[in-house]
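These are the residues of each chain, in order.
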Amino acid sequence: MTGPEKKVSTGAWKLEPAEEGIAFLVFDLPGEKVNKLSGAVIDDLDRVLDEVAGVESIRALVVCGGKEDSGTFIAGADIAEIRGVTDEQEARAQARRGQAVLGKLASMKAVTIAAIHGNCLGGGAELALACDLRIASDFEKTRIGLPEVQLGILPGFGGTQRLPRLIGLARALPVILTGKPLDVRKALKLGVIDEAAHPASLRESSRELAVRALAGKGKGYRPGFARRSLFMRLLEGSGLGRSYIRSRALKNIQRKTGRHYPAPRRALDSMVDGYGMSLKDGLELEAKLVGALAVSPTCKNLIDIFLTSEAARRGDGSGKKGRGAARAPGEGAMVGLLGAGVMGGGLAALVSLKGYRARLKDISREAISSGYRRIAAILQGRVARRRMKKSEVINFMARVSSSTDYAGFGSAGIVIEAVVEDMEIKKKVLREAETGLGAHVVFASNTSALSVTDLQNAAKRPGRIVGLHFFNPVERMPLVEVIRGSRTTEAALVAVETFARSLGKIPVRCEDAPGFLVNRVLGVYLNEAVRLLAEGYSPEEMDREIRSFGMPMGPLELMDEVGHDVASKVSSILHKGFGERARPPDALSGLGNDPAVLGRKTGRGFYIHGGTGRRRKPKLNTALLAKIGRERGGYRTPYAGLWVKRLIYPMINEAAMALGEEVVATASDVDLAMVFGTGFAPFRGGPLRYADSLGIGAIVETLKGFGESRLAPCERLQELADRDEGFYTPSEPQNG
Ligand SMILES: NC(=O)c1ccc[n+]([C@@H]2O[C@H](COP(=O)([O-])OP(=O)(O)OC[C@H]3O[C@@H](n4cnc5c(N)ncnc54)[C@H](O)[C@@H]3O)[C@@H](O)[C@H]2O)c1
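The rules we used
Residues numbered from 1 in each chain as written. Predicted model: local features only at pLDDT ≥ 70, side-chain atom pairs only at ≥ 80, totals over all residues. Heavy atoms only, no water. Helix = DSSP H or I, 4+ residues; strand = E, 2+ residues; numbered from the N terminus. Rg over C-alpha atoms; globule rule 2.2 N^0.38 Å. Buried < 20%, exposed > 50% of the residue type's maximum accessible area, 1.4 Å probe, protein only. Contact = heavy atoms within 4.5 Å. Phe/Tyr/Trp six-rings, centres within 6.5 Å; stacked < 30°, edge-to-face > 60°. Axes fitted to C-alpha atoms, helices over the stretch in contact; angles between N-to-C directions. Left-handed = near helix turned anticlockwise from the far one by under 90°. Nonpolar A, V, L, I, M, F, W, Y, C, P; charged D, E, K, R; others polar. Salt bridge = Lys/Arg side-chain N within 4 Å of Asp/Glu carboxyl O.

**Remarks on the overall build of the protein chain**
Moving on, step 1. A count of helical and extended segments in the protein chain gives 30 helices and 21 strands.
Moving on, step 2. The C-alpha radius of gyration computed for the protein chain amounts to 28 Å, which stays within 12% of the reference 27 Å derived for 736 residues, consistent with globular compactness.
Moving on, step 3. The C-alpha extent of the protein chain, read off along each of the three principal axes, is 80 × 60 × 55 Å.
Moving on, step 4. When the 736 residues of the protein chain are sorted by exposure, 54% land in the buried category.
Moving on, step 5. Pairs at least 24 apart in sequence give 73% of the contacts found in the protein chain among residues at least 6 apart.

**Some remarks on helix α4 (residues 123-130)**
Moving on, step 1. With respect to burial, α4 is a largely interior element, eight of its eight residues being buried.
Moving on, step 2. For α4, the full list of buried residues reads Gly 123, Gly 124, Ala 125, Glu 126, Leu 127, Ala 128, Leu 129 and Ala 130.

**Considerations on the side chain of Asn 301**
Moving on, step 1. Structurally, Asn 301 is set in helix α13 (residues 297-314).
Moving on, step 2. Not counting the four nearest positions on each side in its chain, Asn 301 is found in contact with Pro 682, Phe 683, Arg 684, Gly 685 and Arg 689.

**Regarding the packing of aromatic side chains**
Two descriptors summarise a pair of aromatic rings, namely the distance from one centre to the other and the angle between the planes of the rings.
Moving on, step 1. According to the stated counting rule, one finds seven aromatic pairs in the structure shown.
Moving on, step 2. Ring geometry for Tyr 537 against Trp 643: centres 5.8 Å apart, planes inclined by 75°, an arrangement best described as edge-to-face. Here Tyr 537 is found in the loop between α20 (518-534) and α21 (539-549), whereas its partner Trp 643 is found in helix α26 (residues 642-660), with 106 residues between them in sequence. For the pair Tyr 537 and Trp 643, a shared accessibility class is recorded, and that class is buried.
Moving on, step 3. The interplanar angle of 80° and the centroid separation of 5.1 Å between the aromatic rings of Phe 549 and Tyr 690 together place this pair among those described as edge-to-face. One end of the pair, Phe 549, is in helix α21; the other, Tyr 690, is in helix α28 (residues 687-694), and 141 residues separate them in sequence. Of the two residues, Phe 549 and Tyr 690, neither departs from the other in class, the shared state being buried.

**So, the packing of α20 against α21**
Moving on, step 1. Look at α20 against α21: their axes get within 10 Å of each other, and the N-to-C directions meet at 145°. Remark: the crossing between α20 and α21 carries right-handed chirality. For the pair α20 and α21, the contacting residues are Tyr 525, Ala 529, Leu 532 and Leu 533 in the first and Pro 539, Met 542 and Ile 546 in the second.
Moving on, step 2. Across the contact of α20 with α21, the residue classes tally to seven nonpolar, no polar and no charged.

**A few points about the pattern of salt bridges**
Moving on, step 1. Counted according to the given criterion, the structure contains 43 salt bridges.
Moving on, step 2. Note that Arg 97 is salt-bridged to Asp 43, the shortest N-O span being 2.7 Å. With a gap of 54 residues between them, Arg 97 in helix α3 (residues 88-106) and Asp 43 in helix α1 (residues 39-53) connect regions that are remote in the sequence.
Moving on, step 3. Its relative accessible area of 10% is what places Asp 43 among the buried residues.
Moving on, step 4. Here Arg 96 ties to Glu 284 by a salt bridge, and the two come within 2.9 Å at their closest N and O atoms. On the criterion of sequence distance, the pair formed by Arg 96 in helix α3 and Glu 284 in helix α12 (residues 279-294) is long-range, its members being 188 residues apart.
Moving on, step 5. One salt-bridge network, in which partners are shared between bridges, spans Glu 528, Arg 531, Glu 535, Arg 646, Glu 708 and Arg 710.

Here's what the structure looks like:
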């Protein structure tokens, strides 16, 4: 901070006059939908706390959020501010500043209470932890958590020190190391909050809590104290015990996040080492560790991905409504689903979970029954993961009705087609369905790679035909590609994007090119993977190395998941669309011919999968692999960097080509789609941010060095290399 400049108040904190010694401090950031703790807001809090300290009559202070609409207490620190910090010392100083102000709150003479309604995350949770007591509304959207590690940092305003001191080290570790927010029930059980109240009476209940505290032990009053066992207290209290706790947590971190995500490891150090220190020293350690993390490329990449995905979820910068608007279906509306297979069943479960009704149509009762089994399995899975009560399953199932004809489709607000990937069948289904649909209803095809423009040729109202490419498993994969056919109207695109967002998805707009974006880029990668096998490299090593690069699975594992039949169908569409350079290797074209060897769904693919026991480690299917490559043991030795150069660089090249052809609008659309559609190493920020980090020139040289026309660098890549620029440097204009 330079000079004693007079700071402008954000007007975020309103101190209400005290009644009977109890004052409410309301946080309501003007002009923002949610409350965020920016540097300026923290400065203001500092001033208002001084004011409170100066009023003798205030004996209890209740801090609460003033955002009735969004229902947030505090959504966290201002992430864009963290993104902007590039100097480690500055990052440390910002953490120390936050710690100092929350320290002032913690040491107030008055009893302090956080009254939490809605999201209480990151810096918001740290503020609540700095209060003497916490009460939360028993509201489904109330969530308390410290998700910083998910953005590559750790809680830096005292969270790693105060939470373990409040609830014990062992209980606090998973909260901070996973970053998963707690619901009210769990927060109460762990002792993170002291009480829960009905949302309508939160204010009154916090006042009562203050009255009780003032009548009792004041700042020492602990109604919700969740006592730990003597054993746990002894374990956590000794250096040896803490080493044991650390080693167990470390194993977990290594298993779940590996070496690419340093934040959980540093958060563990901050918590375990800090626990054995004074609070002051622990806070200093925390500031030091967060400072180093905040300026790391991992943190910047994770924040970029987070900010762009949030913008896409909100629809910032998406197109304007066209004339004769097609409408997104309203809440509770009927969604027509054609095809009750893998995708149709998954979509029925998803739309029902999001409050819509679904009408499912397939050609036979058997197909519909198997669709219902899929829906039930998805819902049961949520029950098993405690995301839903068992008793609720029946309600969600009841929202799905079905038929083998188009009865009931007249009331659909949108129709999604998910029948087999065959253009003639899709056209026939479109013609049949279109006759009974209302004037503004959009017909969305979930095709993986077929041309939406071609499908429009069969339509009576082509303007309302859109591609809506969900990914499998549809209830879990966040991405959806929204494809504009040559005659699709802007209104129809906006309607499906709005609908996709209402399902919690991230829509990315694509032009109608073969494979759209994600499958096109993946197609090149899978082709190369099979070529590498044919060249005699080890399949296991390939998958292992690509996983260690940061992908959720290796390319052969991915092909087993997708299904060899599907993979070879998509690759032949890409071949047809792009010609010789996209020719699949012979071995890949042959895959999918044997109906018993289609990947996980048939138990056999490149690997032999252990039936339903997902935990059983798959073994190599040597019979299939020997037909493509070498016998086990006789593999070629890879040269340094082979896997990344031969598998990831061609993906970058293809993505650059798609961007050059304006299949998507921006480099961040590419990265967003690849991270959320395929799990492309998020800490690398997606393929194009990764390319920038390597330098485009080096990639171009490597691609040229292969001397293969299919791997030749595309025009866009070559231009960037010539200008010594990157996809984001000079910085890319953001959408909208
Ligand atoms: N499975 C995936 O991973 C995935 C991912 C994204 C997109 N897709 C696309 O989604 C679509 C469906 O794929 P899937 O995997 O669910 O296929 P699937 O084979 O599991 O299901 C297709 C269903 O369509 C039904 N069907 C066939 N003709 C019909 C008709 N005339 N009317 C109504 N139903 C009919 C079939 O009986 C079957 O139940 C395809 O276009 C596919 O490319 C699939």
